[in-house]
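Overview (structure and organization)
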Amino acid sequence: MSFKTIIEPFRIKTVEPIRRTTREQRAAALVAAGYNLFLLKAEDVLIDLLTDSGTGAMSSRQWAGMMMGDESYAGASSFYRFEAAVRDITGLKHVIPTHQGRAAERILFGSVLKPGDIVPNNTHFDTTRANVEYRKAQALDLPIPESREPQRYHPFKGNMDLEALERVLRDNPGRVPLVMITVTNNSGGGQPVSMANIREARAICNRYGVPLYLDACRFAENAWFIKLREPGYADKTPLEIAREMFGYVDGCTMSAKKDGLANIGGFLALNDDDLAQRCKNLLILSEGFPTYGGLAGYDLEAIAVGLREVLDEDYLRYRIRSVEYLGEICMHNDIPLVLPTGGHAIYLDARAILHHIPWYEYPAWALALVLYLEGGVRSVPIDTVMFGRQPDGTEKPAAMELVRLAFPRRVYTQSHVDYLAEVLIHVRKLAPRIRGVRMVYEPPVLRHFTARFEPLVEGLLAPE
Ligand SMILES: *Cc1c(COP(=O)(O)O)cnc(C)c1O
């Protein structure tokens, strides 16, 4: 007998209370935060889905591992346990710890990019793009066309457009020092990349003699989707699938705050001896000695254990199902979202929900504010506020107006998800009354983090 209910594959040993607030308190908190959810105090949030980065719960084994942390400056045993865990999964030769993913990116790009170079990727994550552009190189996104249609089903919507990749390599000889594939495709909705796509990208890179790297932040979630959806993988373990994925690449960057199941950390791993040496030299300048790379020994221990736990089938089944379950509730209640649901988040389609709000009144921003006001839920708009300001100073609508609800790992249970569903359905009913916002302070860069707003009608909702 196999029962169909998918349960949280853990029991809870340590609990952290979450604080209920009244609607009046939340309305006041929004005023104090300049109607920017990034500026709220976390204690005023009931369910925090701002990000899945570094917000996960560690296991008793990870906490136990932390007590084994060897804080020696050089050659600590914690480093060797960390290195063994990374090598076991990736098979990559050189393992360089960093304090988080973007440091791995900065060190890699600092070692290989020169001005005018091009880095193709299925979709660059924002820190990846920023680190490429900081080297005066071009970060080129080559997602498959299906990824740009929110409601369109595709089992591997994170795939790279391989024809476009081949064209870029053919037309720019000597200008592409590496190709990257991001698994899962975070900026594209947490969508997976198929094994066939990675394998074929490898073959193309081989033809042009260009190395291929993975941005591996959600490698385990990607492996799970391959197991579920790609012919030939149903009987393989997530570890076997992950090993095959890494087997096609020359290196990877990783944020251990995602599928490392840790609260901080990351790494760069690669095969090229000479490049590894240059990266270690840069690492010493800013992160630290190559056997700790900006982390404490106990962080290395937590990551070493986390990398094994994240490939557990019961964990991955629970994780991906939680997201899919909320997505199904949205579908059945006429709440438009990016489909199919990805690995770590659902993305509400605010343009479809609030079609009466023009882009310059920031519909996704308004929707996220109302989710907080009504239900104490914190999400993040991926929208015109984030992407709209152009280098030439003009403002343009973003390609999509999305609200992302990202799930911290092992933190919330099904009743939290049921509560979320209730809040979403309630806010969907309020949609015709929701009004936009006006930006009253705009910082010069990365404006979404610190911009301040005022609602166009008091309390964000027009009277009934
Ligand atoms: C989070 C993330 C990064 C950057 O990692 P940090 O640890 O936040 O510096 C890079 N790429 C992707 C796809 C990510 O999700």
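Given the structure is predicted, the values throughout are model-derived calculations rather than measurements.

1. Side note on the site of the ligand
- As a structural note, the neighbourhood of the ligand is formed by 15 residues, with R102, D215, R218, S255 and K258 the closest of them.
- With respect to the ligand, the side chain of N186 contributes an N or O atom lying 2.9 Å from an oxygen atom.
- D215 has a polar side-chain atom sitting 2.7 Å from a nitrogen atom of the ligand.
- When the ligand is considered free in solution it has 380 Å² of accessible area, and contact with the protein chains removes 98% of it.

2. Some details on helix 1 (residues 23–32)
- Those residues of helix 1 that fall on the buried side of the exposure criterion are R26, A29 and L30. All buried residues of helix 1 project into a common sector of 100° when viewed along the axis, lining one side. The exposed set on the far side of helix 1, more than 90 degrees from its buried face, consists of E24, V31 and A32.
- Close packing links the buried residues of helix 1 with helix 14 (363–375).
- Just downstream of helix 1 lies G34, where phi reads positive at about 60°.

3. Describing the domain arrangement of the chain
- Here the chain is partitioned into domain 1 (23–52 + 313–460) and domain 2 (60–309).
- Using C-alpha coordinates to define each centre, domain 1 is positioned 28 Å away from domain 2.
- Counting from both sides, the interface comprises 22 residues of domain 1 and, opposite them, 29 residues of domain 2.
- Summing both partners gives a buried area of about 2,100 Å² for domain 1 against domain 2, and 55% of it is carried by carbon and sulfur.
- On the domain 1 side of the interface with domain 2, the three residues burying the most area are L316, P340 and R409, jointly 25% of the side's total.
- Scanning the region where domain 1 abuts domain 2 turns up six salt bridges.
- For D259, the salt bridge is made with R409, and the minimal N-O distance between the two is 3.1 Å.
- At the boundary of domain 1 with domain 2, the tally comes to 14 residue pairs in polar contact (both at pLDDT 80 or more).
- Among the elements of the structure, helix 12 (313–332) and strand 9 (345–349) are those that each provide at least two residues to the side of domain 1 that touches domain 2.

Calculation rules
- Throughout this description, residue numbers start from 1 for each chain and increase along the sequence as written.
- Totals for whole chains, interfaces and linings use all residues, but because this is a predicted model, local features are given only for residues with pLDDT of at least 70 and pairs of side-chain atoms are given and counted only at 80 or more.
- As a rule here, side-chain values come from all non-hydrogen atoms in the structure, and water together with hydrogens is ignored.
- Being near a molecule or strand, for a residue, comes down to having at least one heavy atom within 4 Å of it.
- Pairing of N or O atoms within 3.5 Å defines a polar contact, subject to two protein rules: one partner must be a possible hydrogen donor and the other a possible acceptor, and residues neighboring in sequence count only if both atoms are side-chain atoms.
- Accessibility throughout is a Shrake-Rupley quantity obtained with a 1.4 Å probe, and a residue counts as covered only by protein chains that appear here.
- To sort residues, take the accessible area from a 1.4 Å probe on protein chains only and compare it with the maximum for the residue type: under 20% means buried, over 50% means exposed, and anything in between is partly exposed.
- Counting from the N terminus, the helices are the DSSP runs of H or I reaching at least four residues and the strands are the DSSP runs of E reaching at least two.
- Regarding the arc, it is the one traced by the directions from the helix axis to the C-beta atoms.
- In this analysis, two residues are considered to be in contact whenever any of their non-hydrogen atoms come within 4.5 Å of each other.
- The split of the chain into domains comes from an automatic or database domain assignment.
- Once two parts are brought into contact, the accessible area they lose, counted with a 1.4 Å probe and summed over both, makes up the buried area.
- When a carboxyl oxygen of Asp or Glu lies within 4 Å of a side-chain nitrogen of Lys or Arg, that pair is called a salt bridge.

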